[in-house]
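A closer look at the structure
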Amino acid sequence: MSTALSAARFAASKIPIEAGHQGQLESSEDALAEGDLHLLDDPLEWSAFSRPDPREPHLWESNILIEGMHCAACALTLEDALQGVAGVVKADVSAGSHRARVVWSSETVQPSDWMMAVQKAGYRPLPANDAFARERRKGEARKLLWRLAVAGLCMMQVMMYAYPAYVAAPGDLTSEMERLLRWASWVLTLPVILFSCGPFFGSAWRDVTHRRVSMDLPVALGMLITFAVSTAGTFEPQGIFGREVYFDSLTMFVFFLLSGRWLELRLRDRTAGALEALMNRLPDSVARQKQDGSYERVAARRLQAGEIIRVLPGETFPADGLLLQGDTMVDEALLTGESRPVAHGVGSTVIAGSHNLSGLVQVRVERIGAQTRFAQIVALMETASTTKPLIAHLADRIAKPFLVAVLLAAGLACAFWWGRDPGHALMVAVAVLVVTCPCALSLATPAAMLASAGALARGGVLVRRLEAFEALAVIDTVMFDKTGTLTRDAMVLGTTQVREGVPPEQALAMAVALAQFSLHPVARALIAAVGGKTASPWAAEAVSEIAGQGLSGRVRCGDAELAATDLRLGSADFCGVKLARSESLRACLSDERGWLATFELHEVIRPDALDTVTALQRKGIAVHLLSGDSVEAVARVAARVGIAAFQGECTPQDKLDFLRNAQQQGHKVAVVGDGINDGPVLAGAHVAFAFGQAAPLAQAQSDFVVLGDQLGVIVTATQLARRTLRVVRQNLWWAAIYNAVCVPLAIVGWLPAWLAGLGMALSSLLVVLNALRLSKIPS
């Protein structure tokens, strides 16, 4: 079985890599056999690289890596090939990340069908979470480095043999010596042509056989023409091409092209590093407890809810679970945005993808696979890595016509110069073929936006759509929700009023006895007020909850010989008491005698809310607060965070009307909400941020999902978006100016082939290096 399929099945089974699998890695470039591909049609294997659409279960979304891509023309070719398969609903291929997202109907097509289309187009498909992907990429980089080393060594030797011809005066170099130097140069150029140029020739031959054009076709033509002209000059010095040979130029521009491609490969891995680090974070296997108490090593995907696993220090938690034994520190930075390790003890919840730092722990599995928050995060990041901004779509559409124009320009330039000097005419054509590279144009946008998405991911912000950077860079208005956004989801207990003769501590303990049977925020706040400890002399029984009103039950003190007391905890009406009007949230406790206690609760404003609002206003961005809470409650929060424009008692439609009015006035509006209640207004905004750990990530109608609880990331994302757009424009201007200047120079014969190769390599490298500046989050 070939490696790509082995990798797909490996990703499905998550079996640890052993020495026996090394042979598979070595054959990683073998094409998939059609029979092997059909093994992926087993629905049990689909979960390794696909997930179903929750709204239409027959639709599946698959994410795959594409090997063999080099430019935007490759991405367009693949999209056309995939969309030509019946049953493929949508296909997006990113030239920047070398990933493809394929939406297909299981009722019409099988994975082998559209994967075969990719293979027939001349590329190699791999599951996006392929366990061998990192090793394959390292192998690719090593092989490219060997090709570069051979080209560099041969280039230096050829330059040494070419040097006498450049400096010798007429008559200093005999014809025999000149022929000997040419033959030596020809021999040293052979390894460059046969080995170092392999990727260019392989890709060009694939283009010819499929009757299409990509970046490597003009480059390979230039190499072949140069070698053919120089070979003719070596074998027939008196022929029409015998006046000069160009082995030095050939080896030099091959070396420059390979240098640029190798550096580009390294830099591309760095820009997408954070995305891949998160996507491939789960362990391959885990120690699962058997019935006799011993442990066995099993594939992580075979875990089931309720099973007990052991996680050692340095390992990653494979599923969401409850800590049963041990204490440890856990790194949750890539999942929650919390930069510092978090302490976890018995009874606490750990999340899949977080990293166990210090202690050996025992965990009961509660959620696995697609049910985990980790899986939802990965789904968002996979989608983001294949999205294309509008600027990138335009650049990709230009790429193919641009390459055709290059071939025509090279032919016309050759025809123009042929009558004067055929050898020089062919070298002018080579310079045109090599220098007019659309790589910089196609890389300009995706390289910058992927670098920014990776930087934000490290800071706890997921980018759902890369095109959102374009909109975020020009916003002039931000609309905040209050609860769960400017304030935390949880509340805190303020003052406590009690009936005469009842200690406040006793009243709180009695209330907590009831509260532990509810998940309501008020109940959670009361439990938090006693430090989260529900163990006390007071115990409740026969507890019932009426949604939106409160709890009722019988409470007994275990240390006293007293009868159980009927208690009610909730609103004043529910408890049968009358209270003076107040804008604060209050919960009442009553017994048979009537009112027993009142607990006043306060919202907690996020610590960085004021700084965030101030920073946005300093950037000239208008800030508004709209909430469904009472006007007085909204006014208090607005005053504390420095927002002058606010509205209370807003329905979702009121918020949507405000948004549409602002947009009609020409404002670019960003909305920050909790991702659930604010769904309509988030969907209608130019840019949307979804806050809140409880928000279902896959359903949040947002462009950015904030995993942590820091509002400051909104300012950071806005700054980074503006920087990103500047870098994209710089890259596009550079690509345009480079081609506008170099193409005429090559056509008139003022740009030698070796310098054309250097310019082509540097143009792409400069674009990627410029984008790499975005990998650091602005302070």
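This report concerns the structure included in the present document. (Residues numbered from 1 in each chain as written. Predicted model: local features only at pLDDT ≥ 70, side-chain atom pairs only at ≥ 80, totals over all residues. Heavy atoms only, no water.)

Turning to the overall build of the chain, a few remarks are in order. Scanning the chain from N- to C-terminus turns up 28 helices and 27 strands. Sorting the 779 residues of the chain into buried and exposed places 54% on the buried side. Contacts in the chain between residues far apart in sequence, at least 24 positions, make up 68% of those at least 6 positions apart. With the model as given, the accessible surface of the chain reaches about 34,000 Å², and the carbon-plus-sulfur share is 57%. (Helix = DSSP H or I, 4+ residues; strand = E, 2+ residues; numbered from the N terminus. Buried < 20%, exposed > 50% of the residue type's maximum accessible area, 1.4 Å probe, protein only. Contact = heavy atoms within 4.5 Å. Areas by Shrake-Rupley, 256 points an atom, 1.4 Å probe, with all protein chains shown as cover.)

All right, on to the sheet that holds strand 12 (residues 349-350) then. On the basis of which strands lie adjacent, the open sheet formed by six strands has the order 7-6-8-14-9-12 and antiparallel pairing. Bordering the open sheet on either side are strand 7 (295-299) and strand 12, each of which pairs with just one other strand. The pairing of strand 6 (residues 285-289) with strand 7 spans five bridges and is antiparallel. Its bridge partner being in strand 7, Ala-287 is matched across the sheet by Arg-297. (Pairing = 2+ DSSP bridges.)

Take the packing of aromatic side chains next. One pass over the structure, following the stated rule, counts eleven aromatic pairs. When the ring of Trp-60 is compared with that of Trp-104, the centres are 6.3 Å apart and the planes differ by 20 degrees; the resulting orientation is stacked. Of this pair, Trp-60 sits in strand 2 (residues 59-67) while Trp-104 sits in strand 4 (residues 99-105), placing them 44 residues apart in sequence. Given the relative accessible area of 0%, Trp-104 is considered buried. Between Trp-186 and Phe-235, the ring centres sit 5.6 Å apart and the planes meet at 85 degrees, which makes this aromatic pair edge-to-face. Taken together, the residues Trp-186 in helix 8 (residues 175-196) and Phe-235 in helix 10 (residues 216-235) connect sequence positions 49 residues apart. We classify Phe-235 as partly exposed; its relative accessible area is 44%. Three or more aromatic residues link up through ring pairs in this structure, and these residues are Trp-60, Trp-104 and Trp-114. Over the ring of Tyr-123 we find Arg-206, and its NZ or CZ is 4.2 Å from the ring centre. Positioned above the aromatic ring of Tyr-295 is the side chain of Arg-310, whose terminal nitrogen or guanidinium carbon lies 4.3 Å from the ring centre. (Phe/Tyr/Trp six-rings, centres within 6.5 Å; stacked < 30°, edge-to-face > 60°. Lys NZ or Arg CZ within 6 Å of the ring centre and 35° of its normal.)

Along the chain, the position of Arg-297 falls in strand 7. A residue is classified by how much of its surface remains accessible, and Arg-297, at 47% relative accessible area, is partly exposed. When the C-alpha atoms of Arg-297 and Val-286 are compared, they prove to be 5.5 Å apart, with eleven residues separating the residues in sequence. Among residues more than four places away in sequence, those in contact with Arg-297 are Ser-285, Val-286, Ala-287 and Glu-315. For Arg-297, the side chain forms a polar contact with the side chain of Ser-285, separated by 3.1 Å. Polar side-chain contacts of Arg-297 include one of 3.2 Å to the side chain of Glu-315. (Polar contact = N/O pair within 3.5 Å; in protein donor to acceptor, adjacent residues only side chain to side chain.)

The seven strands are arranged 15-27-26-25-16-23-24 in an open sheet whose pairing can be described as mixed. The open sheet has two edge strands, strand 15 (461-463) and strand 24 (645-647), and neither has a second partner. With strand direction ignored, the average angle separating the axes of adjacent strands in the sheet is 20 degrees. The pairing of strand 23 (residues 622-626) with strand 24 spans three bridges and is classified as parallel. The partner of Leu-626 across the bridge, within strand 24, is Gln-647. (Axes fitted to C-alpha atoms, helices over the stretch in contact; angles between N-to-C directions.)

Here helix 9 (residues 198-209) spans 16 Å end to end across twelve residues, near enough to the 16 Å set by a 1.5 Å rise per residue. Buried residues of helix 9: Phe-200, Phe-201, Ser-203, Ala-204, Arg-206 and Asp-207, and no others. A positive phi of about 55 degrees marks Arg-211, the residue just after helix 9. (Expected span 1.5 Å × (residues − 1).)

Quick look at the pattern of salt bridges now. Side-chain pairing between opposite charges can occur once the charged atoms of the two side chains come close. Inspection of every chain in the model, using the stated rule, returns 13 salt bridges. Glu-541 is paired through a salt bridge with Arg-556; the nearest N and O atoms lie 3.8 Å apart. Highlighted residues: Glu-541 in strand 18 (residues 538-546) and Arg-556 in strand 19 (residues 550-557), separated in sequence by 15 residues. With relative accessibility at 37%, the residue Glu-541 sits in the partly exposed group. (Salt bridge = Lys/Arg side-chain N within 4 Å of Asp/Glu carboxyl O.)

We now examine unusual backbone geometry. A negative phi holds for most residues other than glycine; trans holds for most peptide bonds. For Ala-542, which is not a glycine, the phi torsion comes out positive at approximately 50 degrees. Checked against the element boundaries, Ala-542 lands in strand 18. Assessed through its relative accessible area of 65%, Ala-542 is described here as exposed. We note that Glu-649 has phi near 55 degrees; this positive angle belongs to a residue other than glycine. Among the secondary structure elements, Glu-649 is positioned in the loop between strand 24 and helix 25 (652-664). Glu-649 gets classed as exposed once you look at its relative accessible area, which sits at 53%.

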